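# Observations on the model geometry
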Amino acid sequence: MTSFETSVEDLVLVAGATGGVGQLVVGKLLEKGLKVRVLTRNAAKAEEMFNQRVQIAVGDIRQPATLPAATPDVTHIISCTGTTAFPSPKWEFDQSPNLLEWGIIFLNPQSSEAKAKNSPAKVDAQGVSNLVAAAPRNLKRFVFVSSCGILRKNQFPFSILNAFGVLDAKQKGEESIIHSGLPYTIIRAGRLIDGPYTSSDLNTLLKAKTGGKYGVVVGTGDTLSGDASRIDVANACVECLFQPSSSRQIFEIVNQGQRPPVIDWETLFSGLGKSSASDS
């Protein structure tokens, strides 16, 4: 394994590890021989999913008091956390809404935000900020999976996607990372395809391949649109750790064009122009 910024002594903390992208990230990190610690609210689920091959830290990015115990000796953090863009049971309302209440929620976004424990504002904005605050100051890289459309929130179709503030929240998460002073890579993914995989068999995750026939395209300035394979997004999260040229970069990733036999991540990352905080 060729490595510029990682070594066998490194320890990668993955937040959102049991989610659609996160579980693939963990599998890829293990395949690369890196030590992995997962931040999870459900230790039993994580132990089963990853065949007890990872360290388990029980915590919740929405609860900052739970995070310091997860970060000792961590050299890299990959945050794949997120929730649904529109109100759903995953928003964890205090009480399950009835049919009339669901109607009120969709007509009044502020009302839904106030009653939800797992809204984009609480996860993608405040939760990511909490994780940044808990990160070791000597961290080698903070990788964050964000979304295409951050700079196009007033344009269709992103204006629809942002109806309940998911892009606003992700932008605030990005800003907390950029302003932290930590080395970072922010990956703005297109509409996620391939999976999510629900298998608890790690071998199945390791063998997962994109069903698409399109190549990987990366770009800066939030100009790309389209689908992005969860597998390719997960690979980008891991491969960027090995490429200094991807540090302090913000880029989009989508699937377009003919897919080559092997994705050349080094070439993709080296072709990125230098991003700046103004890109966010």
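Scroll up to find the structure.
For the structure given in this document, a descriptive report is provided here. (Residues numbered from 1 in each chain as written. Predicted model: local features only at pLDDT ≥ 70, side-chain atom pairs only at ≥ 80, totals over all residues. Heavy atoms only, no water.)

Before going further, it helps to spend a moment on the sheet that holds strand E1 (residues 11–15). One open sheet holds the eight strands; their spatial order is E3-E2-E1-E4-E5-E6-E10-E8, and the pairing between them is mixed. With partners counted over all chains shown, the strands left at the sheet margins are strand E3 (55–58) and strand E8 (214–219), one partner each. Across the sheet, the axes of successive neighbouring strands diverge by a mean angle of 25°, strand direction being ignored. Along the sheet, helix H1 (residues 22–31) contacts E1, strand E2 (35–40) and strand E4 (76–79); its crossing angle with E1, the most-contacted strand, is approximately 165°. Where helix H9 (residues 230–239) meets the sheet, its contacts fall on E4, strand E5 (141–147), strand E6 (184–189), E8 and strand E10 (249–258), and the angle it forms with E10 comes to roughly 140°. (Pairing = 2+ DSSP bridges. Helix = DSSP H or I, 4+ residues; strand = E, 2+ residues; numbered from the N terminus. Axes fitted to C-alpha atoms, helices over the stretch in contact; angles between N-to-C directions. Contact = heavy atoms within 4.5 Å.)

Glancing now at helix H7 (residues 166–178). If you check H7, its first and last C-alpha atoms are 18 Å apart, about what 13 residues at 1.5 Å a residue would give, namely 18 Å. For H7, the tally of buried residues reaches ten of 13 residues, placing the bulk of the element in the interior. Residues of H7 that are buried sit in contact with helix H5 (120–134), E5, helix H6 (158–161), E6 and E10. (Expected span 1.5 Å × (residues − 1). Buried < 20%, exposed > 50% of the residue type's maximum accessible area, 1.4 Å probe, protein only.)

The next point concerns unusual backbone geometry. Backbone torsion omega between Phe 156 and Pro 157 reads 5°, so that peptide bond is classified as cis. One can find Pro 157 in the loop between E5 and H6. In the Ramachandran plot, Gln 52 falls in the positive-phi region, its phi being about 60° despite a non-glycine side chain.

The angle between the axes and the distance between the axes are what describe a pair of packed helices. One can describe the packing of H1 onto H9 by two numbers: an axis separation of 9 Å at closest approach and a directional angle of 50°. When the axes of H1 and H9 are compared, the pair comes out oblique. Here H1 runs over H9; the crossing is right-handed. Seen from H1, the contacting residues are Leu 24, Val 25, Lys 28 and Leu 29; seen from H9, they are Arg 230, Ile 231, Ala 234, Asn 235, Cys 237, Val 238 and Glu 239. Looking at side-chain class alone, the contact of H1 with H9 contains seven nonpolar, one polar and three charged residues. (Parallel < 35°, antiparallel > 145°, perpendicular 65-115°, else oblique. Left-handed = near helix turned anticlockwise from the far one by under 90°. Nonpolar A, V, L, I, M, F, W, Y, C, P; charged D, E, K, R; others polar.)

Right, let's get into the packing of aromatic side chains. Geometry of an aromatic ring pair is reported as the spacing of the ring centres plus the angle between the planes. Scanning the entire structure with this criterion turns up four aromatic pairs. Consider the rings of Phe 251 and Phe 269, whose centres lie 5.6 Å apart with planes at 55°: the pair is tilted. With Phe 251 in strand E10 and Phe 269 in helix H10 (residues 265–270), this residue pair connects regions lying 18 residues apart in the sequence. For the residue pair Phe 251 and Phe 269, the accessibility class agrees, reading buried in each case. Grouped by ring-pair contacts, the aromatic residues Phe 86, Trp 91 and Phe 164 constitute a single cluster. Just above the ring of Phe 242 sits the side chain of Lys 32; from NZ or CZ to the centre is 4.9 Å. (Phe/Tyr/Trp six-rings, centres within 6.5 Å; stacked < 30°, edge-to-face > 60°. Lys NZ or Arg CZ within 6 Å of the ring centre and 35° of its normal.)

Side chains carrying opposite charge are able to pair once their charged atoms draw close together. Within this structure, the stated rule accounts for ten salt bridges. Here Lys 170 ties to Asp 124 by a salt bridge, and the two come within 3.2 Å at their closest N and O atoms. Taken together, the residues span a long stretch of sequence, with Lys 170 in helix H7 and Asp 124 in helix H5 at a distance of 46 residues. (Salt bridge = Lys/Arg side-chain N within 4 Å of Asp/Glu carboxyl O.)

For the rest of this paragraph, the subject is the pairing of E5. Burial analysis of E5 places seven of its seven residues in the buried class, the great majority of the element. Residues Arg 141, Val 143, Val 145 and Ser 147 of E5 are buried on one face, and the alternating residues Phe 142, Phe 144 and Ser 146, pointing to the opposite face, are buried as well. Of the pairings in the sheet, the one linking E5 to E6 comprises six bridges and is parallel in character. Its bridge partner being in E6, Phe 142 is matched across the sheet by Tyr 184.

Grouped together as the largest cluster of nonpolar side chains are 41 residues, with contacts concentrated most on Val 25, Val 26, Leu 29, Ile 78 and Ile 253. Examining the composition of this core, we find that six residues originate from one element, H9, more than from any other. Residue contacts for Ile 78: discarding those within four places in its chain leaves Val 12, Leu 13, Val 14, Ala 15, Val 25, Leu 29, Val 143, Cys 237 and Leu 241. The next biggest cluster of nonpolar side chains, apart from the first, holds 25 residues, and it includes Ile 77, Ala 134, Ala 135 and Leu 139. (Core = buried A, V, L, I, M, F, W, Y, C linked by side-chain atoms within 4.5 Å.)

Of all ten residues that make up E10, seven are buried, and the element is covered over most of its length. Across five bridges, the pairing between E6 and E10 is parallel. Residue pairing in the sheet places Ile 186 in a bridge with Ile 250 of E10. In this sheet, E10 lies alongside E8 in antiparallel orientation, the contact comprising six bridges. Its bridge partner lying in E10, Tyr 214 is registered against Gln 258.

It is worth stressing that arrangement in space is one thing and function is another; only the former is reported here.
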